[in-house]
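What the coordinates show
Below, each chain spelled out in residue letters.
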Amino acid sequence: MQIINRIRSPGVTNSANCWLLMASLLKSFTRKKFIDPGTLTSTQLSRCLSIFDLTTLGIGSTLGAGIYVLAGDVARNDAGPSIVISFAIAAVASILSGLCYGEFGARVPKAGSAYVYSYVAIGELCAFVIGWNLILEYVIGTSSVARAWSAYFDSLFDGRIKNFTISTIGEVHVKGLADYLDILSVLVVLGLTVVLVVGIKKTSWFNTVFTLINMFVIVFIVCVGVYYAEHKNWSDFAPYGVSGILSGAATCFYAFVGFDVIATTGEEARNPSKGIPISIVLALCK
């Protein structure tokens, strides 16, 4: 308000007005959120999540379409057998990112993840951009996983669900959208929404059960794959060279996206300063 009054004063030139306005905007964009240190641990939510609950939550969020879909696609089109190096590079980058999340989670144990962290450390404009990016990340991540789950489930019935939907409702002829209305994906998202509404503790139990099932399936696939693996397929280890490995690493990073969901539970963890950093590292080292 003081800057606006100075701009309106008759003795201020147009050039000075521009500088004052820019200074005002810069001050607004870099305005940081202040959190009283005495209220860091106070919350209206229930602190009921242990380190085990947080770890399984992070593992369950990262084990999804990135593992089941991306691995085969990247190995075929980008990296070949050297996809193991691509995953290793993506894992190192994810661990470094996870350590940053762990540091902020210990210092600012509040819900909001990167939005709150950037608001406290950098400013309002950065927090605004990151907040919308988080919304975009979760929307794309949830929809892609639901779409992949629907496709796998429909394949068990030889595509009958897709064919029934097309014959009943019709096809969608819009560029950028799927060729039919995937009702099963919508039902999956709605079902998970109901689970989240029930409560974080029951959601954690639900997530733990399905995470254990998920890990069992992955271990089973790896064991069967090792038994049926053909050594001749590994003769050309990096068919696309270093560029293919790095391109595959950039894509494989998506397989680790989701661990940041642990940071959103800052007000529901029993001991966020200790539990969030440990569970993030454990989830990424799964």
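This report concerns the structure included in the present document. If you're wondering where the values come from, they're calculated on a predicted model, not measured in any experiment.

This next bit is on the overall build of the chain. Summing up its helical and strand segments, the chain has twelve helices and zero strands in all. Mapped from its N terminus to its C terminus, the chain presents α and β elements in the order α-α-α-α-α-α-α-α-α-α-α-α. Long-range contacts, defined as pairs at least 24 residues apart, comprise 76% of the intrachain contacts of the chain with a sequence gap of at least 6. When the accessible surface of the chain is totalled, it reaches about 17,700 Å², and 70% of it is carbon and sulfur.

Inspection of the secondary structure puts Thr55 in helix α3 (residues 51–62). Taking relative accessible area as the criterion, Thr55 reaches 10% and is therefore assigned buried. If sequence neighbours within four positions are ignored, Thr55 has contacts with Ser279, Leu282 and Ala283.

Turning next to the layout of surface pockets. Taken as a whole, the largest pocket holds about 1,900 Å³ of empty space. As for the largest pocket, its lining consists of 48 residues, of which Gly60, Ser61, Leu63, Val145 and Leu192 are closest to the centre. Secondary-structure elements contributing two or more residues to the lining of the largest pocket are α3, α4 (65–79), α7 (124–155), α9 (183–198) and α10 (200–228). Considering every element that reaches the lining of the largest pocket, the biggest residue donor is α7, with twelve residues. Approximately 1,100 Å³ is the volume found for the second largest pocket. Along the walls of the second largest pocket sit 28 residues, with Ile67, Ala71, Phe87, Ile221 and Val222 positioned nearest its centre. Among the elements that line the lining of the second largest pocket, the one with the most residues is α10, at seven residues.

The bulk of non-glycine residues show a negative phi, and the bulk of peptide bonds are trans. Even without glycine at this site, Asp158 takes up a positive phi of about 55°. Here Asp158 shows up in the loop between α7 and α8 (160–168). According to the relative accessible area criterion, Asp158 is exposed, its value standing at 63%.

This next bit is on helix α5 (residues 83–107). If you check α5, its first and last C-alpha atoms are 36 Å apart, about what 25 residues at 1.5 Å a residue would give, namely 36 Å. Buried within α5 we find Ile83, Ser86, Phe87, Ala90, Ala91, Ser94, Gly98, Tyr101, Gly102 and Gly105.

Okay, the side chain of Ser82 next. Its location among the elements puts Ser82 in the loop between α4 and α5. From its side chain, Ser82 meets the backbone oxygen of Ala79 in a polar contact 2.4 Å long. Setting aside chain neighbours within four positions, we find Ser82 in contact with Phe237, Ala238 and Ile245.

This part takes up the environment of Arg31. Here Arg31 lies in the loop between α2 (14–29) and α3. A C-alpha to C-alpha distance of 9.8 Å links Arg31 and Ala121, two positions 90 residues apart in sequence. In this view, Arg31 contacts Tyr119, Gly123 and Glu124; residues no more than four positions away in its chain are not counted.

Contact geometry for α5 and helix α11 (residues 241–252): axes closest at 8 Å, N-to-C directions at 50°. Classified by the angle between their axes, α5 and α11 sit oblique to one another. Judged by the twist between their axes, the crossing of α5 over α11 is right-handed. The segment α5 lies against α11, with Ile83, Ile85, Ser86, Phe87, Ile89 and Ala90 engaging Gly244, Ile245, Leu246, Gly248, Ala249 and Cys252. Taken together, the residues that form the contact of α5 with α11 break down as nine nonpolar, three polar and no charged.

So, how was this worked out
- Residues numbered from 1 in each chain as written.
- Predicted model: local features only at pLDDT ≥ 70, side-chain atom pairs only at ≥ 80, totals over all residues.
- Heavy atoms only, no water.
- Helix = DSSP H or I, 4+ residues; strand = E, 2+ residues; numbered from the N terminus.
- Contact = heavy atoms within 4.5 Å.
- Areas by Shrake-Rupley, 256 points an atom, 1.4 Å probe, with all protein chains shown as cover.
- Buried < 20%, exposed > 50% of the residue type's maximum accessible area, 1.4 Å probe, protein only.
- 1 Å grid on protein atoms, 1.4 Å probe; cavity = no way out; pocket = protein on both sides within 12 Å on 5 of 7 lines; lining within 4 Å.
- Points joined across faces, edges and corners; volume = space filled by probe spheres on them.
- Expected span 1.5 Å × (residues − 1).
- Polar contact = N/O pair within 3.5 Å; in protein donor to acceptor, adjacent residues only side chain to side chain.
- Axes fitted to C-alpha atoms, helices over the stretch in contact; angles between N-to-C directions.
- Parallel < 35°, antiparallel > 145°, perpendicular 65-115°, else oblique.
- Left-handed = near helix turned anticlockwise from the far one by under 90°.
- Nonpolar A, V, L, I, M, F, W, Y, C, P; charged D, E, K, R; others polar.

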